[in-house]
Amino acid sequence: MTTVPGTARPLLYLAGFFLNLQVALVAYVSSSFLAELVGSNRVGLIYTLASVASLLMSLALIAWERRYGLSTLFHYGLWLCLLALGPLIFSRSATLVLPAFILFYSLGFFLRLILDLELESWSDNPHTGTIRGLFLTIINLAWLISPMIAGWLVADQLYDRLYLVAAGVLLPVIFISQKSIFRAGVTPRARAAHSWPNIVMSVVRGTSQKLKNIRRVLAAQFLLNFFYAIMVIYTPIYLHEYLAFSWPEIGIILTIMLLPFVLLEYPLGWLADHKWGEKELLIGGFIIAGLATTLIPIFPSLTVLGWGLILFLTRVGASAIESMSEIYLFKQLQTGDIGIIGLSRMMYPLAYLVAPLVASLVLTLYSFNTLYYFLGMVMFGGIIITSRLEDTK
């Protein structure tokens, strides 16, 4: 059965919502859950291993797509992800839980990458900003509602029921995957793709303006994901273990924090298509994120509302960076650029590989306050990178 574009995109949006909801439900509490098993100082190592697994899956995607196609990979990946949740629900043995978490984490990334690639095949360049802006808004709605749900479910440290709910959220995605959301006849695009080493070298060494732009926007995406990694892994630990906020309180803080992703990304995508270029908004995003992050250690005694507002400001900047880097990149590409799209998505696991190692080193030598000052400086570095982009307007 062939799906028409008018049906495919809404189904892809819906699949993206539920897929990101099951990831988001556990994202901000997984580090605390793992800390109970291995200790806070070893949590970064688990995330590093999970990120290595995600990178390996990404590297294998082109070969797997040639052989099986995106539809088959997506369908069986969902069932494997559901299977990985079993030990997280029913076991407290580190021997069972840690490999299951690594598999669950890496499959979540892998499945989202497949959806990204498929959405690109249903997109046209003049409307990239609107299409991507709407997609980001929908998936970020999942991230917005998840902290309140997670905070309520783990109020008594009952992590198992949170992972059980995450398993239930996967079921609609499995149902949607039966509805032919994958475009017929697009599998051969992967056969024309180069090997990963050639893709990487073409981006790293390329001298054309297009490749320079791609290289810079990939660097911006790496910095953004580095920011996310530090915030997602360490901020819940900081709020819960060091500032003694309860999980329901943390749920409120994180919900306030995530509002910009739902409120801003679609309007910013429309503006990028019709009014302004992405470059100015990218620079502004890095300035706001950098300034707000350096404010975090200055006000350690904030209330729930105060913490929500200061973290809200960090995400105002992050939402601008996320939407504009996404839109800018896809305006540089065509449907057949599966390798560069995959390379872009590798910035996520690569950042999650590097960030915990860097954070562990910083926390070994200094305090949590220093970690946030350091992260703020990293975000300011994005201003230099994005200022050299060629404007699209």
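Residues numbered from 1 in each chain as written. Predicted model: local features only at pLDDT ≥ 70, side-chain atom pairs only at ≥ 80, totals over all residues. Heavy atoms only, no water.

(A) Structural detail: the packing of helix α10 (residues 209–242) against helix α15 (residues 368–386). Where α10 contacts α15, the axes come no closer than 10 Å and their chain directions differ by 165°. Relative to α15, the element α10 lies roughly antiparallel. Considering the relative orientation of α10 and α15, their crossing is left-handed. Looking at side-chain class alone, the contact of α10 with α15 contains 19 nonpolar, five polar and one charged residues. (Axes fitted to C-alpha atoms, helices over the stretch in contact; angles between N-to-C directions. Helix = DSSP H or I, 4+ residues; strand = E, 2+ residues; numbered from the N terminus. Parallel < 35°, antiparallel > 145°, perpendicular 65-115°, else oblique. Left-handed = near helix turned anticlockwise from the far one by under 90°. Nonpolar A, V, L, I, M, F, W, Y, C, P; charged D, E, K, R; others polar.)

(B) Quick peek at the environment of A289. The topology assignment puts A289 in helix α12 (residues 278–295). A C-alpha to C-alpha distance of 9.9 Å links A289 and M377, two positions 88 residues apart in sequence. The contact partners of A289, leaving out residues within four places of it in the chain, are T314, G317, A318, I321 and M379. (Contact = heavy atoms within 4.5 Å.)

(C) α12, seen in detail. Between its terminal C-alpha atoms α12 stretches 26 Å, which fits the 26 Å expected from 18 residues at 1.5 Å a residue. Taken as a whole, α12 has its buried residues at E278, K279, L281, L282, G285, F286, A289, G290, A292, T293 and T294. Taken together, the buried residues of α12 touch α10, α11 (247–274), α13 (304–331) and α15. (Expected span 1.5 Å × (residues − 1). Buried < 20%, exposed > 50% of the residue type's maximum accessible area, 1.4 Å probe, protein only.)

(D) Quick peek at the side chain of S146. The residue S146 is located in helix α6 (residues 128–153) in this model. Look at S146 and you get buried, because its relative accessible area is 0%. In this view, S146 contacts L21, A24 and L25; residues no more than four positions away in its chain are not counted.

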